[in-house]
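Residue-level structural notes
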Amino acid sequence: MVKKKTCVFISGNGSNLKNLIYSSRNNNFPISIELVICNNKKAKGIIYAKKNSIPFLILNTKMRNFERIALKELKKYKIELICLAGFMRIISKEFINKFKRKIINIHPSLLPKYKGLNTFERILKDKEKKTGCTVHFVNENLDGGRVILQKSFLIKKSDNILSLKQKTQNLEYKAFPEAIVKIFRYN
Ligand code: GAR
């Protein structure tokens, strides 16, 4: 199998990056992670790129030329898929158009519910009965692109922000690899 060359964008802990690296070791998994781009020099997740000898780039998203530099690197590594794994910056329409249907994101809610930030706080406040995670294509609308896959669980009375986050992330570790397999199934 010729694996699709993939870049993972992160901003923080990188537990989804770690999980995708693990999945990509399987010969039947459709992607190989060739590059990691991070917009936070203190992000813990960079350690997973280092440990696995994956080239990484730390770029300051506050800089105007962030996307230009990122695009140059993506071209250099012949990247065919971008996975946003806890990347907490909005990407411009121009950038998205250059990678149309080739950028996917994982979000900690059952979209279209709870787009944006502070999802767990809002879910608890609204006394939702269930929640979960969504993997979706990225378009120019925040958390708005076509859904690839969702996974859900029932919320217990005893749940709090931390437990919801842990349960959601445990589902994310299944959802992200499954979504990637799904989009390349017929290719
Ligand atoms: C994940 O839970 C992901 O769903 C969320 O950030 C976390 C990153 O965790 N993404 C968003 O909230 C995007 N709007 P990680 O760095 O440990 O993978």
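Heads up: these notes are all about the structure in this document. What you see is a predicted model, and the numbers here were worked out from it, not measured in a lab. (Residues numbered from 1 in each chain as written. Predicted model: local features only at pLDDT ≥ 70, side-chain atom pairs only at ≥ 80, totals over all residues. Heavy atoms only, no water.)

So, the overall build of the chain
If you tally the helices and strands in the chain, you get six helices and seven strands. Since a compact globule built from 187 residues should have a radius of gyration of about 16 Å, the 16 Å found for the chain is in line with a globular shape. For the chain, the C-alpha atoms occupy an extent of roughly 50 × 40 × 30 Å along the three principal directions. Buried residues in the chain amount to 48% of all 187 residues. Considering only residue pairs separated by 6 or more positions, the chain has 64% of its internal contacts joining residues 24 or more positions apart. Here the chain displays about 11000 Å² of accessible surface, and carbon together with sulfur accounts for 52% of that area. (Helix = DSSP H or I, 4+ residues; strand = E, 2+ residues; numbered from the N terminus. Rg over C-alpha atoms; globule rule 2.2 N^0.38 Å. Buried < 20%, exposed > 50% of the residue type's maximum accessible area, 1.4 Å probe, protein only. Contact = heavy atoms within 4.5 Å. Areas by Shrake-Rupley, 256 points an atom, 1.4 Å probe, with all protein chains shown as cover.)

Digging into the nonpolar core
As a rule of thumb, nonpolar side chains are buried together in soluble globular proteins. The biggest cluster of nonpolar side chains holds 37 residues, and the ones touching the most others in it are Val8, Ile33, Cys83, Ile104, Val135, Phe176 and Ile180. The dominant element in this core, judged by the number of residues it contributes, is helix α6 (residues 161-184), at seven residues. If we skip the residues at most four places from it in the chain, Val8 touches Leu17, Leu20, Ile33, Leu35, Val36, Ile37, Cys83 and Ala85. Judged by nonpolar contacts, the second largest core, of 19 residues, contains Leu35, Leu59, Ile96 and Phe99. (Core = buried A, V, L, I, M, F, W, Y, C linked by side-chain atoms within 4.5 Å.)

Let's talk about a positive patch on the surface
There is a patch of like positive charges on the surface, built from Arg101, Arg146, Lys182 and Arg185. Mapping Lys182 onto the fold places it in helix α6. (Patch = residues over 30% accessible without salt bridge, like charges linked within 9 Å, V, L, I, M, F, W, Y side chains within 5 Å. Salt bridge = Lys/Arg side-chain N within 4 Å of Asp/Glu carboxyl O. Lys, Arg positive; Asp, Glu negative; His and termini not counted. Charge placed at Lys NZ, Arg CZ, Asp CG, Glu CD.)

Re the packing of helix α1 (residues 15-24) against α6
Taken N-terminus to C-terminus, the directions of α1 and α6 make an angle of 45°; their axes are 10 Å apart at the nearest point. Considering the angle they form, α1 stands oblique to α6. Note that α1 runs across α6; the crossing there is right-handed. Contacts from Ser15, Asn16, Asn19, Leu20 and Ser23 of α1 reach α6 at Gln169, Glu172, Tyr173, Phe176, Pro177 and Ile180. (Axes fitted to C-alpha atoms, helices over the stretch in contact; angles between N-to-C directions. Parallel < 35°, antiparallel > 145°, perpendicular 65-115°, else oblique. Left-handed = near helix turned anticlockwise from the far one by under 90°.)

Structural notes on α6
Since the α-helix advances by 3.6 residues per turn, residues separated by three or four positions end up pointing in the same direction. Taking 1.5 Å of rise per residue, the 24 residues of α6 would be expected to cover 34 Å, and the 34 Å separating its terminal C-alpha atoms lies within 8% of that figure. Residue Glu172 marks the point of greatest curvature in α6, where the axis turns by about 30°. Within the sequence span of α6, burial applies to Ser163, Leu164, Thr168, Leu171, Glu172, Ala175, Phe176, Pro177, Ala179, Ile180 and Phe184. The N-cap residue of α6 is Asn160: its side-chain oxygen and the backbone nitrogen of Leu162 are 3.1 Å apart. (Expected span 1.5 Å × (residues − 1). Bend = angle between axes of the 7 residues up to and from the residue. Polar contact = N/O pair within 3.5 Å; in protein donor to acceptor, adjacent residues only side chain to side chain.)

Comments concerning the pattern of salt bridges
Per the counting criterion, the structure on display carries four salt bridges. We note a salt bridge from Lys113 to Glu128, for which the minimum N-O separation is 3.1 Å. With Lys113 in the loop between β5 (103-107) and α5 (119-125) and Glu128 in the loop between α5 and β6 (130-137), this pair connects stretches of sequence that are 15 residues apart.

Brief notes about the site of the ligand
The immediate surroundings of the ligand are formed by Asn13, Gly14, Ser15, Asn16, Gly86, Met88, Ile106, His107, Pro108, Gln169 and Glu172. Contact between the ligand and Ser15: an oxygen atom at 2.5 Å from a side-chain N or O atom of the residue. At 2.9 Å from an oxygen atom of the ligand is found a side-chain nitrogen or oxygen belonging to Gln169. Taking 450 Å² as the accessible area of the ligand by itself, protein coverage stands at 86%. Of all the secondary structure elements, the ones that give two or more residues to the shell around the ligand are α1, β5 and α6. A class-by-class count of the residues in the shell around the ligand yields three nonpolar, seven polar and one charged. (Near = heavy atom within 4 Å. Nonpolar A, V, L, I, M, F, W, Y, C, P; charged D, E, K, R; others polar.)

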